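Here's the letter readout for the chains.
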Amino acid sequence: MVHTYKPEKEECMPDKRIFLARAGAKYSTLARDQLIKKINSLFLEAYDQIDPVVWYSFFEKSELPKELIPDTFENVGKITIFLSTLGKKIDMLIEYYSDSGKTFESLIIDSWASESLEKLNENVDRKFREQFGAGTMRFSPGYGNVDMRMNKYIVERLLRADQVKVLESGVMIPRKTTTCMIGWLSV
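What counts and what doesn't
Residues numbered from 1 in each chain as written. Predicted model: local features only at pLDDT ≥ 70, side-chain atom pairs only at ≥ 80, totals over all residues. Heavy atoms only, no water. 1 Å grid on protein atoms, 1.4 Å probe; cavity = no way out; pocket = protein on both sides within 12 Å on 5 of 7 lines; lining within 4 Å. Points joined across faces, edges and corners; volume = space filled by probe spheres on them. Helix = DSSP H or I, 4+ residues; strand = E, 2+ residues; numbered from the N terminus. Nonpolar A, V, L, I, M, F, W, Y, C, P; charged D, E, K, R; others polar. Buried < 20%, exposed > 50% of the residue type's maximum accessible area, 1.4 Å probe, protein only. Pairing = 2+ DSSP bridges. Polar contact = N/O pair within 3.5 Å; in protein donor to acceptor, adjacent residues only side chain to side chain. Contact = heavy atoms within 4.5 Å. Axes fitted to C-alpha atoms, helices over the stretch in contact; angles between N-to-C directions.

Visitor: Sorry, what's going on with the layout of surface pockets here?
Guide: Rolled over the atoms, a probe with the dimensions of a water molecule shows which regions are left empty. A volume near 600 Å³ is recorded for the largest pocket. Lining the largest pocket we find 23 residues, and of these S140, P141, Y143, T177 and T178 sit closest to its centre. Sorting the residues of the lining of the largest pocket by element identifies α5 (103-132) and β6 (177-184) as the ones contributing at least two each. Across the lining of the largest pocket, the residue classes tally to 9 nonpolar, 9 polar and 5 charged.

The following block contains the structure:
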């Protein structure tokens, strides 16, 4: 059974120092600069555009294809697979600034959105661990032995999330979307 979770936007709020580091900037330097006002305005604009959704389900390891199982999940019995997205509007905002030749604005919002998605994944991960206890490290296709093209299998066959499109390469649309897996040791 696939579950859908609609997180509050606050669950997607990244640490400002981390998203600025992703953008190649140092917070301590910017904090004294007028540029921080522009950056604050951009991340508030981005915050208004996100529409986070998470789909998830639990599977017996034995019911999943071998090519989907990370090598590090050797001793697990059950696996939680989840898909998180910030929605289409944040992609459109990044594209708007990029297409308008506003590279700085596009870079800041893209960096903020990437860290926002990571913060959402951290919060979802934490909630599962509070419920199920010890598990593996969170894992996503594209790392280790799991091909990124397995995203298509996860989105279309396991979670049936019709709001997300997966290209043959495994890239997902909206772009600020990830698939994650956690293996459970005692569930």
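Visitor: Teacher, can you tell me more about the pairing of β6 here?
Guide: The side chains of a regular strand alternate, first on one face of the sheet and then on the other. Burial analysis of β6 places 7 of its 8 residues in the buried class, the great majority of the element. Of the pairings in the sheet, the one linking strand β3 (residues 78-85) to β6 comprises 8 bridges and is antiparallel in character. Note on β6: the bridge partner recorded for T85 is T177.

Visitor: Mind showing me how you'd approach the side chain of S84 here?
Guide: By the element assignment, S84 lies in strand β3. For S84, a relative accessible area of 0% gives the class buried. Polar side-chain contacts of S84 include one of 2.4 Å to the side chain of N121. When neighbours within four sequence positions are excluded, S84 is seen to be in contact with V53, V54, L117, L120, N121, K176, T177 and T178.

Visitor: How should I be thinking about the pairing of β3 in this particular structure?
Guide: In terms of burial, β3 is largely enclosed, as 7 of its 8 residues are buried. By the bridge criterion, 8 bridges tie strand β2 (residues 53-60) to β3 in an arrangement that is antiparallel. By the bridge assignment, V53 is partnered in β3 with T85.

Visitor: I keep staring at the sheet that holds strand β1 (residues 3-5) and nothing clicks. Help me out?
Guide: Paired through their backbone hydrogen bonds, the strands of a sheet run either parallel or antiparallel. Taken in spatial order, the 4 strands line up as β1-β2-β3-β6 in an open sheet, and their pairing is antiparallel. Edge strands, defined here as strands with exactly one partner in the open sheet, are β1 and β6. Direction aside, neighbouring strands of the sheet carry axes that sit 20° apart on average. Contacts from α5 reach β1, β2, β3 and β6, with the element oriented near 20° to β6.

In short, the description is geometric, and any link to function would need to be established separately.
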